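# An overview of the molecular structure
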Amino acid sequence: MQSGRDMRRLVDTALGRRPADLVIQNGLLMDVYTGRMLPGRSVAMTGEWIAYVGPDAGHTVGPETRVIDAGERVICPGFIDAHTHLINYFNIPEFLSYAIPSGVTTLVTELECYGFILGAEGVKIFLDQTDPCPVKIYALVPPMISLSPAVKPLMITPEQLAPLFENPRVIGLGESFWQGAILTSDDRVLNLIRETQGHGRSVQGHAAGAFDAKLAAYAAIGVESCHEAISTQDVLNRLEMGLYAMIREGDIRRDLEIILPLKGKIDFRRLILVTDGTNPGLLIQKGYMQDVVQKAVDLGIDPMDAVRMVTLNPAEHLGLDTLTGGIAPGRHGDLLILPDARTMKPEMVISKGRVVAQEGGMTVKIPPAEDPDRLLNTVRAAPILPVDLSVPQSLADGEGMVRTLDIQPGGLVAREGRALPRVISGRLAADPENDLLKIFFMERISGRGEAFVGFVRGWGQKRGAVATTLCWDAGGIIAIGENDEDLAAAVNRLIEIQGGTAVFVDGALKMDIPLGSGGYVSELKMPELAERVNRFQETMASLGSTLDFAHLTLSVLTTPAIPFIRMTEKGYHRFREDDVVALK
């Protein structure tokens, strides 16, 4: 991995021949390399890099050197979130203004959202947007496993990987769902993995539901990690296969407790704590990585182990340990000043050798993320009419029944079912009193707006309709409603504003969340964005939904990552049968 170090400058600073730019002195160093707390330590930095770590950095201090006395407070490595999804609700600068004061100095993000609407171009746009950020943001190329046929022309090829890997911030291949890698005769994902390994980059995994032989087959192709463990046994299964086990504590799941039975029984050096993404309300309420590490400590995990799981462990896993992950000469000047070894809320955050946050607030400006026009015009579909959503009675079976997508308790898993819709003037209609609604998916990539109308249970809404462009693993619009007029209005609102979420009731816009950048990212400030997401949940509850996080449930109805039945523009995709079916 390229470093960009000025070696002569580092040597001269370490030897006292050139003054440091920043010195932290008189601190209690959390040495993740040896597992010891070292009192009376100083750290000298020149530019973005650490030049000296030791008992006395006085020889590196010059007239212009900024000297900070740690006063025996803890000097800790900056936190790394090794698995997140930054293209999700909030724009990058707004997110960083909350995340950086929480101690994160390195982020590794999936880029599937931009990939599913722009392919390899989306990766390049993200790199341009995040290049001037005050912390390090590394990207993973999306393998683009999707159920939507419209995505196929955008799928990144092995030939496109080499130019992307020329950027040192592109450090690997993102999570490839195991089914799309080993349970298919198509070698597309295997070829991406082979090309990635040929460039010496990491391959991230997603092994939800894979056990024994299937997990072994998945590990055998060179996948290096999995963040889908939901039990203690899952953690052990992954570790035994040679994988790094990433433990989620964020928006989708909060699973830190599953490693508690392993305390004192296994080495935690191949465990990594990650968020897997957050949401606006959680970010404001809990902070970012400080919340994750603090919870680990509060649950009884040794602070050194907790910090290693967000510093040295992920750095070693991702091949970044010569650049970051600990406080040592030749590493980036990424460190935190903590009040004590058990309090993970930093008093000061230093990234790339400069103070970027202090006492919970930013001390530097974060440049705006520029959105090219291409990113602001991604809902490529013509407006629809209510008649486009009508379903002829002839599409039901002989008993008048239709196939349904049944959302299960918890709001993520869906199973196939059958139900009897109402019939109005020869058309199949929703029956909200019996929890039967229409569900609609339209791709927004090709410009043709190919779509499928099905039926869903478990959503609970009694009136109106809802739609969003924030679809997992597909470029499209997913919508649910009890009448065709509100359904069409919600979908058309998103076409008009080029992305977001909208709720219509009785022909009127109840509320919306603009996501105009790619259909995934809002320009709203974080408090307003959090208020809108919260209001969406309250609105859905007022309309009859009992789901804990309705927006997430709506978004996942297109993903191949969660079984057992999902929506595509061609029909329902069934996982076990690996087929696409219609209403009967």
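Residues numbered from 1 in each chain as written. Predicted model: local features only at pLDDT ≥ 70, side-chain atom pairs only at ≥ 80, totals over all residues. Heavy atoms only, no water.

## Observations concerning the side chain of R248
Locating R248 in the fold gives a position in strand β13 (residues 244-248). Separated by 3.3 Å, the side chains of R248 and E228 make a polar contact. Once residues within four sequence positions are removed from consideration, R248 is found in contact with H227, E228, A229, I230, R253, R254, D255, L256, V274 and D276. (Helix = DSSP H or I, 4+ residues; strand = E, 2+ residues; numbered from the N terminus. Polar contact = N/O pair within 3.5 Å; in protein donor to acceptor, adjacent residues only side chain to side chain. Contact = heavy atoms within 4.5 Å.)

## Digging into the packing of aromatic side chains
Under the criterion given, the structure shown has three aromatic pairs. Ring centres of F95 and Y288 lie 5.0 Å apart, and the angle between their planes is 85°; on these two criteria the pair is classed as edge-to-face. Of the two residues, F95 is situated in helix α2 (residues 92-99) and Y288 in the loop between α10 (280-286) and α11 (289-298); the sequence distance between them amounts to 193 residues. Here F452 and Y572 contribute two aromatic rings whose centre-to-centre distance is 5.1 Å and whose plane-to-plane angle is 80°, an arrangement assigned as edge-to-face. (Phe/Tyr/Trp six-rings, centres within 6.5 Å; stacked < 30°, edge-to-face > 60°.)

## Details of the sheet that holds strand β33 (residues 579-581)
Pairing within the open sheet is antiparallel, and its three strands lie in the order β31-β32-β33. At either margin of the open sheet sits one strand with a lone partner, and together these are β31 (565-568) and β33. Going from strand to strand, the sheet's axes swing by 35° on average, the running direction of each strand aside. Examined bridge by bridge, strand β32 (residues 571-574) and β33 share three bridges and lie antiparallel to one another. In the sheet register, Y572 faces β33, and the bridge partner there is V581. (Pairing = 2+ DSSP bridges. Axes fitted to C-alpha atoms, helices over the stretch in contact; angles between N-to-C directions.)

## Some thoughts on α2
Counting buried residues in α2 gives six out of eight residues, a clear majority hidden from the surface. Two to three positions downstream of the cap, the backbone nitrogen of E94 sits 2.9 Å from a side-chain oxygen, assigning the N-cap of α2 to N91. (Buried < 20%, exposed > 50% of the residue type's maximum accessible area, 1.4 Å probe, protein only.)

## Digging into the side chain of T553
Among the structural elements, T553 can be located in helix α16 (residues 550-555). On the basis of relative accessible area, T553 is assigned to the buried category, the value being 2%. Once you skip the residues sitting within four places of it in the chain, T553 turns out to touch I407, G411, W459 and L547.

## Some points on the pairing of strand β26 (residues 465-468)
Side-chain alternation along β26 places A465 and A467 on one buried face and V466 and T468 on a second face that is also buried. Relative to strand β27 (residues 476-481), β26 is paired through four bridges, and the arrangement is antiparallel. Looking at β27, one finds that A465 is bridged to G481. Here β26 runs beside strand β28 (residues 500-505); their pairing, made up of four bridges, is antiparallel.

## Topic: the pairing of strand β20 (residues 402-407)
Of all the six residues making up β20, six are buried; the element is thus mostly covered by neighbouring parts of the structure. Across the two faces of β20 the burial is the same, with V402, T404 and D406 and R403, L405 and I407 all buried. Relative to strand β21 (residues 414-419), β20 runs antiparallel, the two sharing six bridges. From the neighbouring strand, D406 faces β21, where its bridge partner is R415. The turn linking β20 back onto β21 is made up of six residues, and G410 within it adopts a positive phi angle of 105°. As judged from the two bridges shared by β20 and strand β25 (residues 451-457), these two strands associate in the parallel manner. Counterpart to L405 in the pairing with β25 is V456.

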